[in-house]
Amino acid sequence: MYLYEKLLGIKLGGLMGEGLLLIIVLGIGIIGLLAAYILAKWVLKRDVGTQAMQDISNAIKEGAQAFLRRQFKTIIILAAIFAAVLFIGYGLLRQHRDFDPVGSSIGLAFWITLSFVLGAICSLIAGYIGMWVSIRSNIRSAAGSMKGVNEGLQVALRGGAVSGLMVVAMSLLGVGGLFALVSYTTSVDPTKIPFLIVGYGFGASFVALFAQLGGGIYTKAADVGADLVGKVEAGIPEDDPRNPAVIADLVGDNVGDCAGRGADLFESTAAENIGAMILGASMALLVPDSVFGSPEAKSIWTIGVMMFPLIARAFGIIASIIGIVSVKVKGDEDPMKSLNRGYYVAVVLAMITFGFASWWLLNPAGAPNAWWHFFLCGIVGVLTSVAFVYITQYYTEYKYRPTLSIAKASRTGPATNIIAGLSVAFETPALPIITISIAILASFFLGKSSGMSDIAGITDPEKMKHAAGFFGTAVATMGMLATAAYILAMDTFGPIVDNAGGIIEMSQQPEEVRTKADRLDAVGNTTKALTKGYAIGSAALAAFLLFNAYLDEVRNYLGADKVMPVDITIPEVFVGALLGGMLVFLFSGLAIKAVGNAAQYVISDVRAQFKEKPGILLGTEKPDYGRCVDIVTKGALKQMILPGLLAVLMPVAVGIVFRLMGKGPETVASFLMIGTVVGILVAIFLNNGGGAWDNAKKYIETGQFGGKRSDAHKAAVVGDTVGDPCKDTAGPSLHVLIKLLSTITLVLAPLFIGK
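This structure is a prediction, so every number in the text was calculated from the model and none was measured.

Trainee: Even after reading the chapter, I still don't get the overall build of the chain, so can you show me in this structure?
Mentor: A tally of helices and strands in the chain yields 21 helices and zero strands. Here the C-alpha atoms of the chain give a radius of gyration of 25 Å, agreeing with the 27 Å that 2.2 N^0.38 yields for 755 residues. Projected onto the principal axes, the alpha-carbon positions of the chain cover approximately 85 × 55 × 45 Å. Looking at the chain residue by residue over its 755 residues, the buried ones come to 64%. Taking as baseline every contact in the chain between residues at least 6 positions apart, the subset at least 24 positions apart corresponds to 83%. Accessible surface, the chain as shown: approximately 25,600 Å² in total, 65% of it carbon and sulfur. For the chain, the centre of its 58 positive side-chain charges and the centre of its 55 negative side-chain charges are spaced 2 Å apart.

Written out as structure tokens, the structure is:
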């Protein structure tokens, strides 16, 4: 076949040709990048406010860029070392096997290492550009707030949308581009290509872990230091220019919430795309050629099923762009209502296009009902994301019982605040886990009953039912992530308006302007909490998808007829499960300890500056903000190394050690299974518990139980300080850990097979 025929899908593909599908995927990915560029230009043309505001914004900008430069340098060195290990392990130490997708060990090593490097590079680029725009959006949102709430909101949301669109578009272009590269430069069977490019998801996960961990340690070390010495010891308000740690705190909002969450959702979309392609191929291969009339027509349909995740993601980008530009505050309405309206626009459009993609690509002859069953799986995913938003609100907003109970307990001191907070935190996984369980079961049974097993010529209907069921859970995950670009825009909106409020406070703007900024800041706090719930929900569904993709990959390597039972009564398998659960607790402990250690550096410096310059608290001398920023930067990067390396190296060690015992793949499966389950539970515990502690403090600051500077407020500040590393460091880092375990085992599965 001529290349141009393959590219356009003319000769064999018609409306489902591989070339046509790739053109749509890559074309919409480029449209996403262009939309991000246009929004960035629009934001950068906005007013930058007074000179005093610019001075503060420039300090935040310099601090964030300095941290990112150092962090990226560290990540690049670690990624380069790991890429070399991957290439040597696959290309030189491991012998070629018959089940390998390519004909030589060096070929396998090349593609896996290349995809790993590209995943890491794309994640770094998406994160850097998103951060670059967000640290320039804060002052423009602050200046916009001086004109009106709508101006401030639109600048912040569109600034955040640059990050959201960059992340999703780069993820889509990376997976689609790699698929095209392998397809058009090799003779590899298309159904085997996802096994060659799984490294892309691992590269994204690798960067995400260190970006989220380092950013989380930075933001909470600065926050804890600023709060304890500033609020509690010195008695000065939040974002007071007399606090030497205040700029570091504002920098932390960007490096933790913008760059960290961006990297988290980048790896979610990348890994989920590849995992869904693997499960789609497994289902499609069970359909006989006779249904389509020829092996060539069957191959075209199979590629269409595999490309469905990328097509659905591409349509989601278009829906998110329309949702973002439609947001406008009408009169004096609650800004959250405006954001929700835009979200619902994006969701409705995404689901319409999702239905079209299902009808187009998941509609084989002999199973006329399959497409709408899979479409309903996507609806289940969307409903799950909405449920997570409301559940997170219930557990973390002070309008509801859980957070109010913590605020009431603060009246009798820090100890009862901590006890009440722990009680709420342990309660919080209940509703999310029930929701995830319903989503997985509903999507599995919708896929199972899709009619795929009724297609004439299917030799094993039960096997097809299970394959369709597992693909249904993958489609539900796609539905949940359909509007990921809009969700990330809302998430990045939070730190932008938080920074804008800090700039307005520190530059001592009129009370009327502060009131407008406070309205947006309150909405930003809500969006940050809600998107954490969305992130863990999508991580849970993606982890189940990726676990099944791992089992599929192992079956592919062992041979289609071989089944790998994961029997927990086998000692090696049970030990693997124990180690998976243990990793979650050890990693969380190290992450929280890292915040404590880095915060000590900040606290010591702030106290030292107050002693060195007594005029700081009197307002006659300026603190050295840069010194504090530099100290917390070095501290955070130093502290992120140990927990990060533990998360990356432990699955490798488990796989290799138990391979020598002849139980490598199944022990890794149990390690992955229990690590995922425990990780989801602990992440929800940490996220929602920390959020409830934070909002209990905010409730008291509204004037309840004595208001600010009361004994109840001091107790609530202590509780909030305990919750900070939980909700902004360990919890979000566990989202990444859950998916990292899946992507690293997908990449290294061939190394765990054999003895």
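Trainee: What's the story with the packing of helix α8 (residues 295–325) against helix α14 (residues 461–480) in this structure? I'm lost.
Mentor: In helix packing, the relevant descriptors are the interaxial angle and the interaxial distance, both defined with respect to the helix axes. Here α8 crosses α14 at 15°, and the two axes come no closer than 10 Å. Judged by the angle between their axes, α8 and α14 are roughly parallel. Between α8 and α14 lies a crossing of right-handed hand. Facing α8, whose interface residues are Val-305, Phe-308, Pro-309 and Arg-313, α14 presents Phe-471, Val-475 and Met-478. Each residue belonging to the contact of α8 with α14 can be placed in one class, and the counts come to six nonpolar, no polar and one charged.

Trainee: What's the story with the nonpolar core in this structure? I'm lost.
Mentor: A general trend in soluble globular proteins is that nonpolar side chains are found buried together. Counting 245 residues, the largest nonpolar core has Phe-308, Phe-374, Met-452, Phe-471 and Tyr-550 as the members making the most contacts within it. Ala-420, Val-424, Tyr-699 and Ile-700 belong to the second largest nonpolar core, which has 13 residues in total.

Trainee: Would you mind going over the environment of Val-48 with me for this structure?
Mentor: Looking at the secondary structure, you find Val-48 in the loop between α2 (18–44) and α3 (51–93). We classify Val-48 as partly exposed; its relative accessible area is 27%. Sequence separation between Val-48 and Gly-144 is 96 residues; the distance between their C-alpha atoms is 8.5 Å. Sequence-distant contacts of Val-48, that is, excluding residues within four places in its chain, are made with Gln-54, Ile-139, Arg-140 and Ala-143.

Trainee: What exactly am I supposed to notice about the environment of Asn-525 here?
Mentor: Within the secondary structure, Asn-525 sits in helix α16 (residues 511–558). Asn-525 gets classed as partly exposed once you look at its relative accessible area, which sits at 24%. Sequence-wise, Asn-525 and Leu-376 are 149 residues apart; in three dimensions their C-alpha atoms are separated by 32 Å.

Trainee: Explain α14 to me, please; I cannot follow it from the model alone.
Mentor: Because an α-helix packs 3.6 residues into every turn, residues spaced three or four apart end up facing the same way. For α14, which comprises 20 residues, the first-to-last C-alpha distance of 29 Å matches the rise-based estimate of 28 Å (1.5 Å per residue) to within 8%. By the criterion of burial, α14 is predominantly enclosed, with 14 of the 20 residues buried.

Trainee: I keep staring at the packing of α3 against helix α15 (residues 484–506) and nothing clicks. Help me out?
Mentor: Put simply, α3 and α15 touch, their axes get as near as 9 Å, and they point 135° apart. By the angle class used here, α3 and α15 are oblique. The two elements α3 and α15 cross, and the hand of that crossing is right-handed. Two secondary-structure elements touch here, α3 through Met-53, Ile-56, Ser-57 and Ile-60 and α15 through Asn-499, Ile-503 and Met-506. Looking at the contact of α3 with α15 residue by residue, the class counts come to five nonpolar, two polar and no charged.

Trainee: Help me out: how do you make sense of the pattern of salt bridges in this one?
Mentor: Two side chains that carry opposite charge are able to pair once their charged atoms sit near each other. Taken as a whole, this structure holds 20 salt bridges when the rule is applied. With its nearest N and O atoms 3.2 Å apart, the salt bridge here joins Glu-612 to Arg-627. Taken together, the residues Glu-612 in helix α17 (residues 571–612) and Arg-627 in helix α19 (residues 625–660) connect sequence positions 15 residues apart. With its nearest N and O atoms 3.9 Å apart, the salt bridge here joins Asp-694 to Lys-697. Taken together, the positions of Asp-694 and Lys-697, both in helix α20 (residues 664–701) and three residues apart, correspond to about one turn of that helix. Accessibility assignment for this pair places Asp-694 and Lys-697 in one class, buried. Connected via shared salt-bridge partners are Lys-220, Asp-223, Asp-694, Lys-697, Lys-698, Asp-720, Asp-724, Lys-727 and Asp-728.

Trainee: Would you mind going over unusual backbone geometry with me for this structure?
Mentor: Across residues other than glycine, the phi torsion is negative in most instances, and most of the peptide bonds are trans. One non-glycine residue with positive phi stands out, namely Phe-705, at about 50°. Structurally, the position occupied by Phe-705 is in the loop between α20 and α21 (711–752). One non-glycine residue with positive phi stands out, namely Arg-709, at about 70°. Tracing the backbone through its elements, the reader meets Arg-709 in the loop between α20 and α21.

Trainee: Quick question: what am I supposed to make of the side chain of Glu-333 here?
Mentor: Within the secondary structure layout, Glu-333 lies in the loop between α8 and α9 (335–361). On the basis of relative accessibility, which here comes to 13%, the residue Glu-333 falls in the buried class. For Glu-333, the side chain forms a polar contact with the side chain of Ser-338, separated by 2.7 Å. A distance of 2.9 Å separates a polar atom in the side chain of Glu-333 from a polar atom in the side chain of Arg-341.

Trainee: Is there a simple way to explain the packing of aromatic side chains in this structure?
Mentor: For any pair of aromatic rings, geometry is given as the distance between the ring centres together with the angle between the planes. Scanning the entire structure with this criterion turns up 26 aromatic pairs. Relative to Phe-202, the ring of Phe-116 lies with its centre 5.0 Å away and its plane at 45°, an arrangement referred to as tilted. Taken together, the positions of Phe-116 in helix α4 (residues 105–147) and Phe-202 in helix α6 (residues 193–234) put the pair 86 residues apart, joining distant regions of the chain. Phe-116 gets classed as buried once you look at its relative accessible area, which sits at 1%. On the accessibility criterion, Phe-202 (0% relative accessible area) is buried. The structure contains a cluster of three or more aromatic residues connected by ring pairs, namely Phe-82, Phe-116, Phe-202, Phe-206 and Phe-210. Between the NZ or CZ atom of Arg-136 and the centre of the ring of Trp-132, over which it lies, the distance is 3.9 Å. Above the ring of Trp-42, the side-chain terminus of Arg-158 is found at 4.5 Å from the ring centroid.

Trainee: I'm lost on a nonpolar patch on the surface in this one. Help?
Mentor: A cluster of nonpolar side chains, namely Phe-87, Ile-88, Leu-92, Leu-93, Ile-106 and Phe-110, defines an oily patch on the protein surface of about 590 Å² accessible area. Taken together, the elements giving at least two residues each to the nonpolar patch come down to α3 and α4. Among the elements that take part in the nonpolar patch, α3 stands out by supplying four residues, more than any other. Structurally, Leu-92 can be placed in helix α3. With a relative accessible area of 59%, Leu-92 lands in the exposed category.

Trainee: Mind showing me how you'd approach α15 here?
Mentor: Over its 23 residues, α15 extends 33 Å from the first C-alpha to the last, a length consistent with the 33 Å expected when each residue adds 1.5 Å. For α15, the buried fraction is high: 22 of the 23 residues fall into the buried class. Among the residues trailing α15, Gln-508 stands out with phi positive, at a value near 55°.

Conventions and cut-offs
Residues numbered from 1 in each chain as written. Predicted model: local features only at pLDDT ≥ 70, side-chain atom pairs only at ≥ 80, totals over all residues. Heavy atoms only, no water. Helix = DSSP H or I, 4+ residues; strand = E, 2+ residues; numbered from the N terminus. Rg over C-alpha atoms; globule rule 2.2 N^0.38 Å. Buried < 20%, exposed > 50% of the residue type's maximum accessible area, 1.4 Å probe, protein only. Contact = heavy atoms within 4.5 Å. Areas by Shrake-Rupley, 256 points an atom, 1.4 Å probe, with all protein chains shown as cover. Lys, Arg positive; Asp, Glu negative; His and termini not counted. Charge placed at Lys NZ, Arg CZ, Asp CG, Glu CD. Axes fitted to C-alpha atoms, helices over the stretch in contact; angles between N-to-C directions. Parallel < 35°, antiparallel > 145°, perpendicular 65-115°, else oblique. Left-handed = near helix turned anticlockwise from the far one by under 90°. Nonpolar A, V, L, I, M, F, W, Y, C, P; charged D, E, K, R; others polar. Core = buried A, V, L, I, M, F, W, Y, C linked by side-chain atoms within 4.5 Å. Expected span 1.5 Å × (residues − 1). Salt bridge = Lys/Arg side-chain N within 4 Å of Asp/Glu carboxyl O. Polar contact = N/O pair within 3.5 Å; in protein donor to acceptor, adjacent residues only side chain to side chain. Phe/Tyr/Trp six-rings, centres within 6.5 Å; stacked < 30°, edge-to-face > 60°. Lys NZ or Arg CZ within 6 Å of the ring centre and 35° of its normal. Patch = residues over 30% accessible without salt bridge, like charges linked within 9 Å, V, L, I, M, F, W, Y side chains within 5 Å.

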